[in-house]
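# Fold and contact review
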Amino acid sequence: MTAAPFVRPVIRPDADILARVPGLCLGLMAHEVEVEPSRPDCRDYLDNDLSPRLLARMEQEPLAQWPNLGPSRAACKACGKDPGRYRISSEALYRRLKQGKGLYAINSVVDANNVASLETGFSLGSYTLTSLQGDIVFRRGQAGETYEGIGKGGLNLEHLPLLADALGPFGSPVSDSTRALVDERTRLCLTVIYGFDGKAPVEAALRTSAVLFARFCRCRPLCEPWCVQG
């Protein structure tokens, strides 16, 4: 018996967030993955190629001026969240490098996700598809909404741009929830690029990210990458 063809999850932004951030564009990849422990080749690339390049650039250009970072910060502010207090995840990664802290080694998929974020400047989130239910909406967090952020404890989601399925919020460009995290049990993975400045930079980031995921983790695309706008 042949397996049923993969059906892309339904993902849409709501009218409120589109009015606040008209340049919103989500880049999406769906993969079948074999999650491994952190790989030496990924760590070598990060330590000996990517990090030195980024640190040299940080000496010359403030992070606020980097493409894709500025629009992401502006989008959080437009949604009503202070980007200085709730830093987008790509900025947090850059700041860790600048402070000499390095990145946590998690597993092959999460490490590839973080490398792609550093290369592109976008916040990326990778999620276990089987942990998600129903259609997915990109919207602002509502009063009283929280979730357990990975490595962050309880996160106040009010006004934060976020992804929510039938069970509630599970991911954002700031911090993802523990509910849909990628671990050794994950077989189907959804990766989201959080873009806020139109389609062209997101399409470029999708191409870069697809190469990095193929290089640093065992993954097989389930469909062509795609974008979601208004």
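Higher on the page you've got the structure.
Throughout what follows, the structure given in this document is the object of discussion. Just so you know, these numbers come straight off a predicted model, no measurement behind them. (Residues numbered from 1 in each chain as written. Predicted model: local features only at pLDDT ≥ 70, side-chain atom pairs only at ≥ 80, totals over all residues. Heavy atoms only, no water.)

This brings us to the nonpolar core. Soluble, globular proteins show a tendency: their nonpolar side chains are buried together. Core analysis: the biggest nonpolar cluster contains 37 residues, and Leu54, Tyr94, Val109, Leu118 and Phe213 have the highest contact counts within it. At the level of secondary structure, the elements contributing two or more residues to this core comprise strand 2 (25-34), helix 2 (40-60), helix 3 (69-79), helix 4 (89-98), helix 5 (108-120), strand 9 (188-195) and helix 6 (199-216). With residues up to four places along the chain from it excluded, the contact list for Leu118 reads Leu46, Leu50, Leu54, Leu93, Tyr94, Leu97 and Leu103. With 24 residues, the next largest nonpolar core counts Ala75, Phe138, Tyr194 and Phe196 among its residues. (Core = buried A, V, L, I, M, F, W, Y, C linked by side-chain atoms within 4.5 Å. Buried < 20%, exposed > 50% of the residue type's maximum accessible area, 1.4 Å probe, protein only. Helix = DSSP H or I, 4+ residues; strand = E, 2+ residues; numbered from the N terminus. Contact = heavy atoms within 4.5 Å.)

Topologically, Arg20 is positioned in helix 1 (residues 15-20). Sequence separation between Arg20 and Pro62 is 42 residues; the distance between their C-alpha atoms is 26 Å. The contacts of Arg20, once residues within four sequence positions are left out, are Ala78, Cys79 and Arg140.

This brings us to helix 2. With 21 residues, helix 2 ought to run about 30 Å at 1.5 Å a step, and its terminal C-alpha atoms sit 30 Å apart, in line with that. At Leu50, helix 2 is bent by approximately 40°, the largest bend along its length, and proline Pro52 sits one to four residues beyond. When we look at burial in helix 2, the residues that qualify are Cys42, Tyr45, Leu46, Leu50, Ser51, Leu54 and Met58. Buried residues along helix 2 sit in contact with helix 4, helix 5 and helix 6. (Expected span 1.5 Å × (residues − 1). Bend = angle between axes of the 7 residues up to and from the residue.)

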